[in-house]
Amino acid sequence: MANIHSIAEISKNATVVEIDFGRQISNTDYCRPGSSRDTESRLEQETSKSACIPSNFQKIYISSNNKKNWKVTVHGINNRVFNEMQQSMLCNGIHASLYKNVYKLNYERSTIIQEYAMPIIMNGKDIIARTQNGSGKTTAIAISILDVLLKNFSEINVDSHRSDPLAIIVVPTKQRVQHIYNVIHRLSENTSIECGPLFNKSLSDQKNKIQKGVHIIIATPENLVGFVSQDLITFTALRIIVFDEADVLLTAGFKPEIEFILNNKTMVSTDKRTTVLFSTSMIDAVEQLAMTYLKPNYVSVDIKEIKEAADITQTI
């Protein structure tokens, strides 16, 4: 099977050559559903035992063709706890229905951003991640959200006047809305998950779908604010909110809309939701957004292309 992401070849053939605080990790297969009765308790024990270890680590990925090398720097969590999160995902597997769709779409191995972001999001931790477009982050977003919702499924509010989504993805353009919707739609086939894209608040068919109730909403900031302002969408049931291309959102002038969303009177508190920021650059405005609206113990993942392995210096 072939992975559809351009970065997959790099990730599949990459070798980790330098690691702090722990064992080497292998590339993560999209795993079958499984069971592990003591995974959560072991994770709690590892978290406690690892409290004295500095909460950051760095890994280097050298591709076999030597064309692209990557440095991954993680802050806010140590390597031991992160490895336990990965093992939890491997032991428990993704939801059976989701796995069938992943298999059907010929996903074979995770990319680097998927390998880091998915276990962190699935464990309910807030994250800010810097990665380039085309890295596979759309799939990381889709699989993480769908797995969390399917494993903790609850009926959505069916109210003819408003919608209480469980997950919201905010993106800068209508094209991005359509792209993410297409990925989630394919990965959620034959499940109970309903997903609604918002392109324009004046379109009646989108309004009707939202009012019928959806689990996931994908929207540009201005369209989401338009629906919220009309009391057509509330955040009382929200579990996950993602801001994709956060740097683009902020430089495009959407900060007021983002603050309106996160400060809305119906928005659940940070301890009841998982907040995710993806960005192609770590500009000050993105870091400030993270410090203001993410949990204090959020995780930062920085994936950077490097020229030569010999140029690597560690600052841990």
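Residues numbered from 1 in each chain as written. Predicted model: local features only at pLDDT ≥ 70, side-chain atom pairs only at ≥ 80, totals over all residues. Heavy atoms only, no water.

Engineer: How do you make sense of the overall build of the protein chain when you look at a structure like this?
Structural biologist: Helix and strand content of the protein chain: 12 helices and 10 strands. When each of the 316 residues of the protein chain is scored for burial, the buried share is 55%. Partitioning the intrachain contacts of the protein chain with sequence separation of at least 6 by distance along the chain shows that 78% fall at a separation of at least 24. Here the protein chain displays about 14,000 Å² of accessible surface, and carbon together with sulfur accounts for 47% of that area. (Helix = DSSP H or I, 4+ residues; strand = E, 2+ residues; numbered from the N terminus. Buried < 20%, exposed > 50% of the residue type's maximum accessible area, 1.4 Å probe, protein only. Contact = heavy atoms within 4.5 Å. Areas by Shrake-Rupley, 256 points an atom, 1.4 Å probe, with all protein chains shown as cover.)

Engineer: Would you mind showing me how to read the pattern of salt bridges here?
Structural biologist: Between side chains of opposite charge, a pair can form when the charged atoms approach closely. This model, assessed by the stated rule, comprises 8 salt bridges. With its nearest N and O atoms 2.6 Å apart, the salt bridge here joins D302 to R130. Taken together, the residues span a long stretch of sequence, with D302 in strand 10 (residues 299-306) and R130 in strand 4 (residues 127-130) at a distance of 172 residues. Like R130, D302 is buried. Here the salt bridges do not stand alone but share partners, grouping K137, R176, D244 and E245 into one network. (Salt bridge = Lys/Arg side-chain N within 4 Å of Asp/Glu carboxyl O.)

Engineer: I would appreciate a short explanation of the side chain of D302 in the present structure.
Structural biologist: Since its relative accessible area comes to 16%, D302 is described here as buried. Of the polar contacts made by the side chain of D302, one reaches the side chain of R130; its length is 2.6 Å. (Polar contact = N/O pair within 3.5 Å; in protein donor to acceptor, adjacent residues only side chain to side chain.)

Engineer: How should the nonpolar core be read in this particular structure?
Structural biologist: Where a protein is soluble and globular, its nonpolar side chains tend to be buried together. Ranked by internal contacts, the top residues of the largest apolar core, which has 55 residues, are I169, I216 and V301. In this view, I169 contacts I141, I145, I180, I184, I216, I217, I218, A219 and V242; residues no more than four positions away in its chain are not counted. Core analysis: the second largest hydrophobic core is formed by 34 residues, I217, L238, M282 and L294 among them. (Core = buried A, V, L, I, M, F, W, Y, C linked by side-chain atoms within 4.5 Å.)

Engineer: Would you explain helix 8 (residues 204-212) in this entry?
Structural biologist: Three or four residues apart is the spacing at which side chains of an α-helix point the same way, because the helix has 3.6 residues per turn. Within helix 8 the residues assigned to the buried category are Q206, I210 and Q211. The arc that holds the buried residues of helix 8, viewed along the axis, is 130°, so those residues lie on one side. Facing away from the buried side of helix 8 by over 90 degrees, the exposed positions are S204, D205 and K212. On its buried face, helix 8 sits against strand 6 (195-198), strand 7 (216-219) and helix 9 (221-229). Of the residues trailing helix 8, G213 is marked for its positive phi of about 105°. (Arc of directions from axis to C-beta.)

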